[in-house]
Amino acid sequence: MTRVRIKDILKTTPTNQTITVKGWVRTFRNNSFIALNDGSTNNNLQIVVDFTNTPEEILKRITTGAAISATGTLIASQGKGQTVEVKATSVEIIGDSDAEKYPLQPKKHSLEFLREIAHLRFRTNTFGAVFRVRNSLAFAVHKFFNEKGFLYIHTPIISASDAEGAGETFHVTNFDLSNIPKDEAGAVDHKQDFFGKSVNLTVSGQLEGELAAMAFSDIYTFGPTFRAENSNTTRHLAEFWMIEPEMAFYELKDNMDLAEEMLQYIIKHALENNLEDIEFLSQRLEEEEKQKPQNERSELSLLDKLKFCIDNKFERVTYTQAIEILRESNHNKKKKFTYLVDKWGVDLQSEHERYLVEKHFKKPVILTDYPKEIKSFYMRQNDDGKTVAAMDILFPGIGEIVGGSQREERLDKLETRMSEMGIPVEELSWYLDTRRFGTCPHAGFGLGFERLVLFITGMTNIRDVIPFPRTPKNCEF
RNA sequence: UCCUUCUUAGCUCAGCUGGUUAGAGCACAUGACUGUUAAUCAUGGGGUCCCUGGUUCGAGCCCAGGAGAGGGAGCCA
């Protein structure tokens, strides 16, 4: 008999039909009641075993974590807490689980502990919900762009350029590391390496994405990205997934509109398709917040926060306006910021972003038109000569979730800016070709997928929204 | 990388002013019970007190160094 998914069974009207289910035991109570989970939903299916007619050896092997197959009739549950249950006629142990050694106990575990057993944490309610939501979000990203007629481009993972200057790169080499070829000057001789030059894991697919956009008009990438930064925070990973759309004939406003529409689309998709899991996560977060002092608790539940995001426009303010708001804030006047906001041109600190998003506007904020000095070379220079057409989207609790800009399409302006910032023009001649041949206004942005998953699941550490997080000094599994 | 907190049973944590045999709850095992919902009750087993060195009659506790983890900052997505 074929296996039926528990998610489907729970929606089925019981008519004494015979079914077979397979999954992993969550708990076994009273020698009678198995809570069975197969990962299709957080809800367990209750299997009722008649222990008087079941061999003792089988009963002993129904332990937390064991894989079992159960066949029986689907009936309306006699107990509270579930509507249907399976009255088992046979239970087969597929894979034993020594209860004494199995690390997951039928009790609450800390996220830190579960992180150490990331290979098993999929089997918990929290991570089950998180990774089902993550899957759904990834699908929603593709669905959104596909519906908009965007082309999905696979930009390279191994790249010769880190020209964006987005961060430290991981080197990729085929050298015998205990015997690295050197040239006459004593430097590493990359000519002898696999690619004949120094290459690295990609830090962004943007530059390659721009090339494709200059032919297909609207494209996006969605792939892994690598940064060798020694960042130890709850929102940085050495390996993370990034969504990077790039659109020809888009200006900054079009770019913002698209980003906002996309974020709202994805959140809506999650609420429509993963409500059960999000409700669970929302409740989980509320429980957790009860531990905190009153003034640190968030005013809205996760569910309300997500609904709020799709029902309200994001606030759009320029960097200059933001500086004014911060400078005039009581927070600044009472010197509550570690870094006081005094003059135009300073980069905004996390505390400033948090203040704008969480205290002042209390909703997602799009900050635009930053001073050119604190932004990348490829961003389009505004007519004021001081700012560039950049936009960052800031989310409550997360900070920067999207970073984007209108790109500088004017060759002379781009080259001047590159030499000012010490970017080697020759190495990027392929990039500059797009400005030489049929250049046009275009724009794009990067969205850190894990930060989006963080926001939508209400988790607080980015290491808990990717199956196997890679962070400094940590590459397990 | 910097600042800061932490590391005691499988997990979450107590452990007094440095004092003799290191505790609790949960988990686990055994038994009882048998329509339970993190079942309940009884009994039991379980410890490299993160590591190395030092101070002391005596260190889980004090000191030094190291490792790992959490939180914050910077860098960013």
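Definitions and limits used
Residues numbered from 1 in each chain as written. Chains lettered and ligands numbered in written order. Predicted model: local features only at pLDDT ≥ 70, side-chain atom pairs only at ≥ 80, totals over all residues. Heavy atoms only, no water. Axes fitted to C-alpha atoms, helices over the stretch in contact; angles between N-to-C directions. Helix = DSSP H or I, 4+ residues; strand = E, 2+ residues; numbered from the N terminus. Parallel < 35°, antiparallel > 145°, perpendicular 65-115°, else oblique. Left-handed = near helix turned anticlockwise from the far one by under 90°. Contact = heavy atoms within 4.5 Å. Nonpolar A, V, L, I, M, F, W, Y, C, P; charged D, E, K, R; others polar. Polar contact = N/O pair within 3.5 Å; in protein donor to acceptor, adjacent residues only side chain to side chain. Domains from an automatic or database assignment. Buried area = accessible area lost by both parts, 1.4 Å probe. Near = heavy atom within 4 Å. 1 Å grid on protein atoms, 1.4 Å probe; cavity = no way out; pocket = protein on both sides within 12 Å on 5 of 7 lines; lining within 4 Å. Points joined across faces, edges and corners; volume = space filled by probe spheres on them.

Caption draft 1: Highlighting the packing of helix H5 (residues 206-216) against helix H13 (residues 429-436). Contact geometry of H5 with H13 gives a least axis separation of 10 Å together with a crossing angle of 30 degrees. Between H5 and H13, the crossing angle belongs to the class labelled roughly parallel. Handedness of the crossing formed by H5 with H13: left-handed. Along its contact with H5, which presents Leu207, Glu210, Leu211 and Met214, the element H13 presents Trp430, Tyr431, Thr434 and Arg435. For the contact of H5 with H13, the class distribution of residues is five nonpolar, one polar and two charged.

Caption draft 2: Just the side chain of Asp464, in detail. By secondary structure assignment, the location of Asp464 is in the segment after helix H14 (449-457). Separated by 2.7 Å, the side chains of Asp464 and Arg115 make a polar contact. If we skip the residues at most four places from it in the chain, Asp464 touches Leu111, Arg115, Arg121, Phe127, Val130, Phe131 and Met459.

Caption draft 3: Fine view of the domain arrangement of chain A. You can read the domains of chain A as domain 1 (6-106) and domain 2 (123-149 + 212-217 + 246-464). Taken over C-alpha atoms, the centre of domain 1 sits 45 Å from the centre of domain 2. At the interface, ten residues of domain 1 touch nine residues of domain 2. Summed over both partners, the interface of domain 1 with domain 2 comes to about 750 Å²; 31% of that surface belongs to carbon and sulfur atoms.

Caption draft 4: Layout of the environment of Ile157. Mapping Ile157 onto the fold places it in the loop between strand S6 (151-152) and strand S7 (158-159). Considered as a pair, Ile157 and Gly205 are 48 residues apart in the sequence and their alpha carbons are 8.3 Å apart. Sequence-distant contacts of Ile157, that is, excluding residues within four places in its chain, are made with Asn200, Leu201, Thr202, Pro224 and Phe226.

Caption draft 5: Expanded view of the protein's contact with RNA strand B. Close contacts around RNA strand B come from 46 residues, with Lys80, Lys107, Thr233, His236 and Arg451 the closest. Counting only the atoms of RNA strand B within 4 Å of the protein, the fraction contributed by sugar and phosphate is 48%. Separating a sugar or linking oxygen of RNA strand B from a backbone N or O atom of Ile401 is a distance of 2.6 Å. Those elements giving two or more residues to the surface near RNA strand B turn out to be strand S1 (18-29), helix H3 (111-116), strand S11 (239-248), strand S15 (399-406) and strand S16 (442-448). The residue inventory of the surface near RNA strand B, partitioned by class, reads ten nonpolar, 22 polar and 14 charged.

Caption draft 6: Examining the layout of surface pockets more closely. The volume enclosed by the second largest pocket comes to roughly 920 Å³. Lys107, Lys108, Thr124, Asn125 and Thr126 are, among the 35 residues lining the second largest pocket, the residues nearest its centre. Among the residues forming the lining of the second largest pocket, the class breakdown is nine nonpolar, 15 polar and eleven charged. The residue makeup of the lining of the second largest pocket includes at least three contributed by each of domain 1 (6-106) and domain 2 (123-149 + 212-217 + 246-464).

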